[in-house]
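Here are the chains, one letter per residue:
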Amino acid sequence: QATITKGLAELGGDAEAHEPSLVPATGAIVVVAGRPGRRIAEGSLETQLLDQATRGKTSISLVAQVQETDPTITDADAKVLADRLNLATANGLVIRAGTHQAVLAQTDVRALLGSKVTDGRLDVTLDAARARAALTDVIPVNTEPRDATVALVNGTPAVVPSVDGEACCAEDAPARMLDAILKSQPEVTVDLQIKKAAFTTEDANALGIKEPVGAVNVTWKGQPQVKSFTTYFRCCEARVTNIHRIADLVRGTLVKPGETFSVNQTVGKRTAEKGFVEAGAIANGEHVNEVGGGVSQFATTMFNAAFFAGLPFGEYQAHSEHFDRYPFGREATMGYEHPDLQWKNNTPYGILIWTSHTATSVTVQFWSTQYAWGEQTGQSTSRSGRCTNVTTQRTIHYPDGRTATDSVRARYRDQGVTKC
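A short tour of the structure in this document, coming up. Quantities reported herein were computed from a predicted structural model and do not represent experimental measurements.

Some points on the pattern of salt bridges
Tallying each qualifying case throughout the model produces 18 salt bridges. Taking the shortest distance from any N to any O, the salt bridge between D179 and K183 comes out at 3.1 Å. A cluster of three or more residues bridged by salt bridges with shared partners is formed by D172, R176 and D191.

This is the structure:
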């Protein structure tokens, strides 16, 4: 039986009918003609073979029925559809996507088309992957989203709106193209893919950034420090360049609720390429020159702004010796990657860091909605070898009337020594 089946197959006895199909060719969409199927019925072949063989026939002849099956779609019907597609695509296809417009050429449109038979009907198909590639070629739009930001404009917080990114084209673009072609429409409108900004204009507006925050009863160097903090220095030294530069790099940083701000993460290593210069610094207890020397004055200024805004600290470290330009026991030094200066926004509002400077001062101000504020309510010292330990107590006042206390610490070497 297996031999009979195999032999019939070699005679072309198991061929299915082939439906006509539409294919793009040079200058037009053409029809590949269908052809009938041919099947040889096995029927009584086995019986005939055995009967003639057992009767001693030396030449065996078998009679089989040949059945032909016509395609369900005629070539004429396929030709009508091909003619309709050629007419519909004669001038190519105009693509509109957002504010962009392009023409997909006749040959490019036809190259996307094909056909399939579904439930006895010849349907036009369009290669979706090739269609997306063709759209990208004629509408090469690919912009990245831009998050909203907040900045001070003429002394008032202003939201710089977010901008969504765009790319060509939406997932249903191929289906829209095919629909337009089948309806003989000369153009089609497709949507761009929209890449949403991670931080939208609405998000920025919801942060409640509207006013300076912090304490109002603070003075330093005889100057009131009202919801901001300022430290002072001599004009025109190399370190001033670095103080100004780091203040410029930090200005405008937005710290969202629950986030921890890090100077080192925000600014990175201080290098000449970033605009920093060599100036005095302390390394291993020794006074040295290094690129970025002096930025600790900015760190101290921010430390005090955070202290009086009632914000909790992460990593920080005081200078190893005290300088009278910094508040005793209430200051921070900088290195890379450590020590860092970190503080956390534990309020329900966003905090915008705004910095400014003059030839002899640098100021750090936090903009938000007034929440907690801090005040120094105590300070104690103790000796450790040839160093003085300083503990500075802070009382934090919250809007519901409750208070909490914490403390910050510093350790200063005695004059003339390099370690405790």
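Examining the nonpolar core
M302, L341, W343, I353 and F366 are the most contacted members of the largest nonpolar core, which totals 38 residues. Considering every element that reaches this core, the biggest residue donor is helix α10 (residues 296–308), with 8 residues. Residues within four places of M302 in sequence aside, it is in contact with V250, F261, V263, L341, W343, I353, V364 and F366. Membership of the second largest hydrophobic core comes to 33 residues, among which are A97, A131, C169 and M177.

With respect to α10
The end-to-end C-alpha distance of α10, which contains 13 residues, comes to 18 Å, matching closely the 18 Å that a straight helix rising 1.5 Å per residue would cover. Burial analysis of α10 places 13 of its 13 residues in the buried class, which makes it a mostly covered element. Once α10 finishes, G310 follows within two positions and takes phi at roughly 75 degrees, a positive value.

Describing the pairing of strand β6 (residues 93–97)
Each regular strand displays side chains that alternate between the two surfaces of the sheet. Among the 5 residues in β6, 4 count as buried, and that is most of the element. Two elements, β6 and strand β7 (residues 100–104), share 5 bridges in a ladder whose sense is antiparallel. Within the sheet, the bridge partner assigned to I95 lies in β7 and is A102. Adjacent in sequence and paired antiparallel, β6 and β7 are bridged by 2 residues, among which G98 carries a positive phi angle near 60 degrees. When β6 meets strand β13 (residues 187–190), the two strands line up parallel, connected through 4 bridges. Paired with V94 across the strands is E187, a residue of β13.

What counts and how
- Residues numbered from 1 in each chain as written.
- Predicted model: local features only at pLDDT ≥ 70, side-chain atom pairs only at ≥ 80, totals over all residues.
- Heavy atoms only, no water.
- Salt bridge = Lys/Arg side-chain N within 4 Å of Asp/Glu carboxyl O.
- Core = buried A, V, L, I, M, F, W, Y, C linked by side-chain atoms within 4.5 Å.
- Buried < 20%, exposed > 50% of the residue type's maximum accessible area, 1.4 Å probe, protein only.
- Helix = DSSP H or I, 4+ residues; strand = E, 2+ residues; numbered from the N terminus.
- Contact = heavy atoms within 4.5 Å.
- Expected span 1.5 Å × (residues − 1).
- Pairing = 2+ DSSP bridges.

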